[in-house]
Amino acid sequence: MDKKQIRKMMLERRRGLSREAVIDKSLQISEKVLASSEYNRAERIFTFISFDNEVDTGWLIRRALADGKKVAAPLVKNETMMFRFFTLSDELEDGQFGIKEPSEDLPKAYAKKDRTLVIMPGTAFDRKRNRIGFGKGYYDKWLAERPGLNKIALAFDIQIYDGVIPSKPHDIKPDRIYTESEVIE
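(A) Inspection of the overall build of the chain at higher detail. Within the chain, the regular secondary structure consists of five helices and 11 strands. On C-alpha atoms alone, the chain measures out to a radius of gyration of 15 Å, which is about the 16 Å that the 2.2 N^0.38 rule sets for 185 residues. Principal-axis analysis of the C-alpha atoms places the extent of the chain at approximately 40 × 35 × 30 Å. For the chain, the proportion of its 185 residues judged to be buried stands at 48%. In the chain, the share of contacts with a sequence separation of at least 24, taken over all contacts with a separation of at least 6, comes to 72%. Surface summary for the chain: the accessible area is close to 9400 Å², and the carbon and sulfur share equals 48%. A distance of 4 Å separates the average location of the 34 positive side-chain charges in the chain from that of its 30 negative side-chain charges.

(B) Fine view of the side chain of Arg-131. You can see Arg-131 is positioned in strand 8 (residues 131–132). Of the buried charged residues, Arg-131 lacks a salt bridge, with Asp-140 as the closest side chain of opposite charge at 4.0 Å. Among the polar contacts listed, one links the side chain of Arg-131 to the backbone oxygen of Pro-121, at a separation of 2.7 Å. With residues up to four places along the chain from it excluded, the contact list for Arg-131 reads Met-120, Pro-121, Gly-122, Ala-124, Phe-125, Tyr-139, Asp-140, Ile-172 and Pro-174.

(C) Structural detail: the packing of aromatic side chains. For the coordinates displayed, the defined rule picks out six aromatic pairs. Arranged with centres 4.9 Å apart and planes meeting at 45°, the rings of Phe-46 and Phe-83 form a pair that is tilted. In this pair, Phe-46 is assigned in strand 1 (residues 44–47) and Phe-83 in strand 3 (residues 80–86), connecting sequence segments 37 residues apart. Taking the relative accessible area as the measure of exposure, Phe-83 reaches 2% and is therefore buried. Between Phe-83 and Tyr-139 the ring centres are 6.3 Å apart and the planes differ by 80°, which places this aromatic pair in the edge-to-face class. Of this pair, Phe-83 sits in strand 3 while Tyr-139 sits in helix 5 (residues 138–144), and the two are 56 residues apart along the sequence.

(D) Quick look at a nonpolar patch on the surface. Among the surface-exposed residues, Ile-23, Leu-27 and Trp-59 lie close enough to one another that they form a single nonpolar patch of about 230 Å² accessible area. Here Trp-59 lies in helix 4 (residues 58–66).

(E) Region of the structure containing the environment of Ile-119. Looking at where Ile-119 falls in the secondary structure, it is placed in strand 6 (residues 116–120). Here Ile-119 falls in the buried class, since its relative accessible area comes to 0%. In this structure the C-alpha to C-alpha distance between Ile-119 and Lys-151, which are 32 residues apart in sequence, comes to 6.0 Å.

Reading guide: rules and limits
Residues numbered from 1 in each chain as written. Predicted model: local features only at pLDDT ≥ 70, side-chain atom pairs only at ≥ 80, totals over all residues. Heavy atoms only, no water. Helix = DSSP H or I, 4+ residues; strand = E, 2+ residues; numbered from the N terminus. Rg over C-alpha atoms; globule rule 2.2 N^0.38 Å. Buried < 20%, exposed > 50% of the residue type's maximum accessible area, 1.4 Å probe, protein only. Contact = heavy atoms within 4.5 Å. Areas by Shrake-Rupley, 256 points an atom, 1.4 Å probe, with all protein chains shown as cover. Lys, Arg positive; Asp, Glu negative; His and termini not counted. Charge placed at Lys NZ, Arg CZ, Asp CG, Glu CD. Salt bridge = Lys/Arg side-chain N within 4 Å of Asp/Glu carboxyl O. Polar contact = N/O pair within 3.5 Å; in protein donor to acceptor, adjacent residues only side chain to side chain. Phe/Tyr/Trp six-rings, centres within 6.5 Å; stacked < 30°, edge-to-face > 60°. Patch = residues over 30% accessible without salt bridge, like charges linked within 9 Å, V, L, I, M, F, W, Y side chains within 5 Å.

Nothing here speaks to function; it is geometry throughout.
This is how it looks when you write it as structure tokens:
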């Protein structure tokens, strides 16, 4: 299967989950992340805002803010992804692709190598940590300019592909993938 076919299959699987299953599995995944050393060491959390039956990041965001961490989310402008810090009182806006984004007016978020945890989205992953996103390469490009950041991905068990996902040298893998039943390293 090529990436396009794998993406389609995994999106169908993910969209087939009930809202209750998404919430339950998301809480299990979030609890694993919150117990991890990489979360506890991080002062800054750069995370995606979930949509379309992705692992729900809302609980993780609220907890990170309550823990005194600075939280940033991506904003896409002119085909470039950047991050902005936000709090629960900040209104997120509808951005490209219907994904909620922080306002461009919010403070720019800069990643600090040893103090930042990047939480990557994805539609499919394999056991070698290869990843398929939505095909635009925003995270690959952003992370390529910031080597050495700690990166994790969140996925449901059903998003782990049995085979090997085709990858290219510019594709950036997460260091770990958290699912409701395991952590893939």
